[in-house]
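Remarks on the overall topology
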Amino acid sequence: MAAMPSDGLTLLIPEDELRAGVATLAREIDRDYTTTGVVIVSVLKGATIFTADLLRVLQAEVHRLEFVRAGSYGGGTESSGDVRLAGTLDPRHVNGQHVLIVDDIADTGYTCVAVKNYINGLGPASLRYCTLLDKPERREVEVQYDYVGFTIPNHFVVGYGMDFDERYRGLPAVYYFPDA
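The shown structure was predicted, so the numbers you read here are calculated from the model rather than taken from an experiment.

**As for the sheet that holds strand 7 (residues 147-151)**
- Strand order in the open sheet formed by 6 strands is 4-3-2-5-6-7, and the pairing between neighbours is mixed. The two strands at the open ends of the sheet, each matched to only one other strand, are strand 4 (84-86) and strand 7. On average, each strand axis in the sheet is tilted by 25° relative to the strand beside it, whichever way the strands run.
- Relative to strand 3 (residues 62-71), strand 2 (residues 38-44) runs parallel, the two sharing 7 bridges. Pairing of Val-39 across the sheet is with Arg-64, part of strand 3.
- On top of the sheet, helix 1 (residues 15-33) reaches strand 2, strand 5 (98-106), strand 6 (126-134) and strand 7; it is set at about 160° to strand 7, its chief contact.
- Where helix 2 (residues 48-57) meets the sheet, its contacts fall on strand 2, strand 3, strand 5 and strand 6, and the angle it forms with strand 2 comes to roughly 155°.

Below is the structure:
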């Protein structure tokens, strides 16, 4: 589905830049997991497309692909700061493993903290966090992201898996609403 001008969307990151950014992230991740392999935990729903594209270019062995659902937006454009986690990981799939969390966007930092705390409680050998997009202007809690694809201004973005009230996920690039 292409963005319609009447939707008021403005292109932020075109498809070709996304592909190049994902390839760069894959090379960085490969360097860290070449000898150990990795369990990837994708944060649903927004990171689904990013995770799939990342898996296609990673050279490191991916032992498992797991999912955790996290949300703090509801139907709006502002994070509530209250992160809800849904679904559970089987501790046997994480305990003693090198785990990489793959997320779509880092803004307030609350999702990162919640997901990291949850997975750390399952006893991984190591835990790192990868985000496609980072909005440091929005940070409300101190967090560390190990891999960042793009640092972006404080816009509400859609496309490439990210949505507004479940719309726009299928757009092949990243767009923003100039007035949101």
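**Examining helix 2**
- When helix 2 is considered as a whole, its buried residues turn out to be Phe-50, Thr-51 and Leu-54. Axial view of helix 2: buried residues confined to an arc of 95°, hence all on one face.

**Here we look at the nonpolar core**
- Core analysis: the largest hydrophobic core is formed by 27 residues, its most contacted members being Phe-50, Leu-54 and Leu-133.
- Secondary-structure elements contributing two or more residues to this core are helix 1, strand 2, helix 2, strand 5, strand 6, strand 7 and strand 9 (174-176).
- Element by element, the count of residues in this core is highest for helix 1, at 6 residues.
- Counting residues in each nonpolar core, the second largest holds 18 residues, with Val-94, Ile-101, Ile-119 and Leu-122 among its members.

**With respect to helix 4 (residues 110-120)**
- Within the sequence span of helix 4, burial applies to Thr-111, Cys-112, Val-115, Lys-116 and Ile-119. Buried residues along helix 4 cover an arc of 120° about the axis, so they all sit on one side.
- The elements touched by buried residues of helix 4 are strand 2, strand 3, strand 4, helix 3 (91-94), strand 5 and strand 6.

**A look at the packing of helix 1 against helix 2**
- Where helix 1 meets helix 2, the closest approach of the two axes is 9 Å, and the angle between their N-to-C directions is 60°. Considering their axes alone, helix 1 and helix 2 lie oblique with respect to each other. Relative to helix 2, the crossing made by helix 1 is right-handed. Counting all contacts with helix 1, which are made through Val-22, Ala-23, Leu-25, Ala-26, Ile-29 and Asp-30, the residues of helix 2 involved are Phe-50, Asp-53, Leu-54 and Val-57.
- Taken together, the residues of the contact of helix 1 with helix 2 break down into 8 nonpolar, no polar and 2 charged.

**Description of the state of the cysteines**
- The final tally for this structure, using the stated rule, is 0 disulfides.
- Summary of cysteine pairing: Cys-112 is not part of a disulfide, and the nearest cysteine sulfur, belonging to Cys-130, is at 11 Å.
- Classification of Cys-112 as buried rests on a relative accessible area of 2%.

Rules behind the numbers
Residues numbered from 1 in each chain as written. Predicted model: local features only at pLDDT ≥ 70, side-chain atom pairs only at ≥ 80, totals over all residues. Heavy atoms only, no water. Pairing = 2+ DSSP bridges. Helix = DSSP H or I, 4+ residues; strand = E, 2+ residues; numbered from the N terminus. Axes fitted to C-alpha atoms, helices over the stretch in contact; angles between N-to-C directions. Contact = heavy atoms within 4.5 Å. Buried < 20%, exposed > 50% of the residue type's maximum accessible area, 1.4 Å probe, protein only. Arc of directions from axis to C-beta. Core = buried A, V, L, I, M, F, W, Y, C linked by side-chain atoms within 4.5 Å. Parallel < 35°, antiparallel > 145°, perpendicular 65-115°, else oblique. Left-handed = near helix turned anticlockwise from the far one by under 90°. Nonpolar A, V, L, I, M, F, W, Y, C, P; charged D, E, K, R; others polar. Disulfide = S-S within 2.5 Å.

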